[in-house]
Amino acid sequence: MTSTEVKSTTDSDLDAIFRPIFDRIAAGAVEREIDRRLSFEEVGWLREARFGALRVPVEFGGYGVTVRQLFRLLTELAAAESNLPQALRVHFSFVEDQLLAEPGPERERWLRAVVAGTLVGNAITEPGVGAVDRYQTRLTASGEDFLLNGTKYYSTGSLYADHILVAADQDGARVGVLVEATAEGVRQQDDWDGFGQRLTASGTTEFTDVAVRRDQVLGPGYGAPGPTYATSYLQLVQLAVLAGIAQRAESDAREWVAARTRGYTHSAADLPRQDPLVQQVIGRLSGAAFAARASVLAVADVLDEVLDDGARDEKAVVAAELAAAQAQLAVIDLVLPATTLLFEVGGASIVSEELRLDRHWRNARTISVHNPAIQKARAIGDHLLNDAPLPFAWSAGERRPANGDAQ
């Protein structure tokens, strides 16, 4: 690729680079779902095209795209394979952190590493008590350096990654620790047992006396107090996944109807594609996909302004969080009904295991519970009515009452 091509960041040029890759990824989506084959090869295609470096400035070898352009492409990728944007979401947040960091050798080193294909996964969520109080994963002193010990659930994307961003406790403070995925003492498992998003590599990761250098401790970690752009950014990746699922559900249903010749004796037309009721379903699916995508891009526009300003304006950061939260409620309510509605265009044959059209609902339902909508709706209402702070970088785990007994 020439330097001139690298510097081109228009949507049309990005499409020319990535849409053929997305098409190749989409072609094997059903087969991967049936076989539960993790997308190592497909991630390799994205590495080769420097997909992970979309936001890296051109001067370091990236594409230098806007947040809006990134999320447009993430939605397109989700339409091809909904597992992959979710697997990469912490990677893009890590890149954003580097863009916001003070210029210097360390920042440049990581940005150039990303251009070379380095991917970053995550290990944040914990079982049981979790991190409602303190992370049970601990970083402890060992001479001049540290040791990392703990167990994490839902380590999304880490099996595809070169480095894992670990949320840990260091003497009561939440810190981010970046370890190599192949470091001694790191054990990863593909044991995610959810009925959807099965190929996100969201398994358990165990850290046993993993040696950590001081330069691998990145400072305040996930869950540190105060407003942050990261919560809305990470949420928006999940919304892009939902928008992509809606897009694929509509196109799959439309393709199935277009080729179908069987109908019913009481249908309004001889062919399903000429039946006004079937046409209505396709129209509604199309509208849901359009509105979901538009919501994602609207929040991306807000984040573009926040990040262009270095995420320094707290009011703007709160506005971005509110926008992402509101969009979450709207997008879920659009996409979940759409992934059920698509089955109305046909009879029993549309539920064939060979088609795996049920994966759209299963994937949408699974991604939708990652940040419970009922909790988000209440937080929005409390914020708008009572000026209560929005929950940033919240954690999950067992909450203990004052007497110390588990609830």
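Quick summary incoming for the structure in this document.

Each helix and strand in the protein was counted, giving 13 helices and 8 strands. For 407 residues, the compact-globule formula gives about 22 Å, and the C-alpha radius of gyration of the protein, at 22 Å, lands near that figure. C-alpha atoms of the protein, sized along the principal axes, occupy 80 × 60 × 45 Å. Within the protein, the proportion of its 407 residues that are buried is 51%. Here the analysis covers contacts within the protein between residues at least 6 apart in sequence; of these, 76% occur between residues at least 24 apart. As displayed, the protein has an accessible area near 18,700 Å², and 51% of this comes from carbon and sulfur atoms.

Here helix H9 (residues 229-259) crosses helix H12 (residues 358-368) at 165°, and the two axes come no closer than 10 Å. In terms of their interaxial angle, H9 and H12 are classed as roughly antiparallel. Crossing of H9 over H12 shows left-handed handedness. Across the interface between the two elements, Gln238, Val241, Leu242, Ile245, Arg248, Ala249 and Asp252 from H9 touch Arg359, His360, Asn363, Ala364, Ile367 and Ser368 from H12.

Moving on to the nonpolar core. Phe18, Leu46, Phe51, Leu54 and Phe71 are the most contacted members of the largest nonpolar core, which has 65 residues in total. Within the residue set of this core, elements represented by two or more residues are helix H2 (11-27), helix H4 (40-48), helix H5 (67-80), helix H6 (83-87), H9, helix H10 (276-308), helix H11 (314-341) and H12. When residues in this core are grouped by element, the largest group, 12 residues, is from H9. Beyond its immediate chain neighbours, meaning those up to four positions away, leucine 46 contacts Ile21, Phe22, Ile25, Phe51, Leu77, Leu84 and Leu88.

With that out of the way, let us pick up H9. Between its first and last C-alpha atoms H9 spans 46 Å; for 31 residues at 1.5 Å apiece the expected length is 45 Å, and the two agree. With 25 of its 31 residues buried, H9 lies for the most part within the structure. Two or three places before alanine 230, at the start of H9, stands the capping residue threonine 228, its side-chain oxygen 3.1 Å from that residue's backbone nitrogen.

With that out of the way, let us pick up the pattern of salt bridges. If you walk through the whole model with that rule in mind, you get 26 salt bridges. Two residues, arginine 134 and aspartate 169, come together in a salt bridge whose shortest N-O distance is 2.9 Å. You can see arginine 134 sitting in the loop between strand S1 (120-123) and strand S2 (138-142) and its partner aspartate 169 sitting in strand S4 (residues 163-170), a full 35 residues away along the chain. On the basis of relative accessible area, aspartate 169 is assigned to the buried category, the value being 3%. Overlapping salt bridges bring together Asp11, Asp15, Arg19, Arg72 and Glu76 as one network.

Taking 1.5 Å of rise per residue, the 14 residues of H5 would be expected to cover 20 Å, and the 20 Å separating its terminal C-alpha atoms lies within 8% of that figure. The buried fraction of H5 is high, at 13 of 14 residues.

With that settled, the discussion passes to the environment of valine 212. In this structure, valine 212 sits in strand S7 (residues 205-212). Sequence separation between valine 212 and glutamine 279 is 67 residues, and the spatial gap between their C-alpha atoms is 59 Å. If we ignore the near neighbours within four places in the chain, the residues touching valine 212 are Leu139, Asp145, Phe146, Leu148, Val177, Val179 and Val217.

Here we take up the packing of helix H7 (residues 89-100) against H9. Where H7 meets H9, the axes come as close as 10 Å, and the angle between the chain directions of the two elements is 145°. For the pair H7 and H9, the sense of crossing is right-handed. From H7, Arg89, Val90, Phe92, Ser93, Glu96, Asp97 and Leu100 reach across to H9, where they touch Tyr229, Ala230, Tyr233, Leu234, Gln235, Val237 and Gln238.

Conventions and cut-offs
- Residues numbered from 1 in each chain as written.
- Predicted model: local features only at pLDDT ≥ 70, side-chain atom pairs only at ≥ 80, totals over all residues.
- Heavy atoms only, no water.
- Helix = DSSP H or I, 4+ residues; strand = E, 2+ residues; numbered from the N terminus.
- Rg over C-alpha atoms; globule rule 2.2 N^0.38 Å.
- Buried < 20%, exposed > 50% of the residue type's maximum accessible area, 1.4 Å probe, protein only.
- Contact = heavy atoms within 4.5 Å.
- Areas by Shrake-Rupley, 256 points an atom, 1.4 Å probe, with all protein chains shown as cover.
- Axes fitted to C-alpha atoms, helices over the stretch in contact; angles between N-to-C directions.
- Parallel < 35°, antiparallel > 145°, perpendicular 65-115°, else oblique.
- Left-handed = near helix turned anticlockwise from the far one by under 90°.
- Core = buried A, V, L, I, M, F, W, Y, C linked by side-chain atoms within 4.5 Å.
- Expected span 1.5 Å × (residues − 1).
- Polar contact = N/O pair within 3.5 Å; in protein donor to acceptor, adjacent residues only side chain to side chain.
- Salt bridge = Lys/Arg side-chain N within 4 Å of Asp/Glu carboxyl O.

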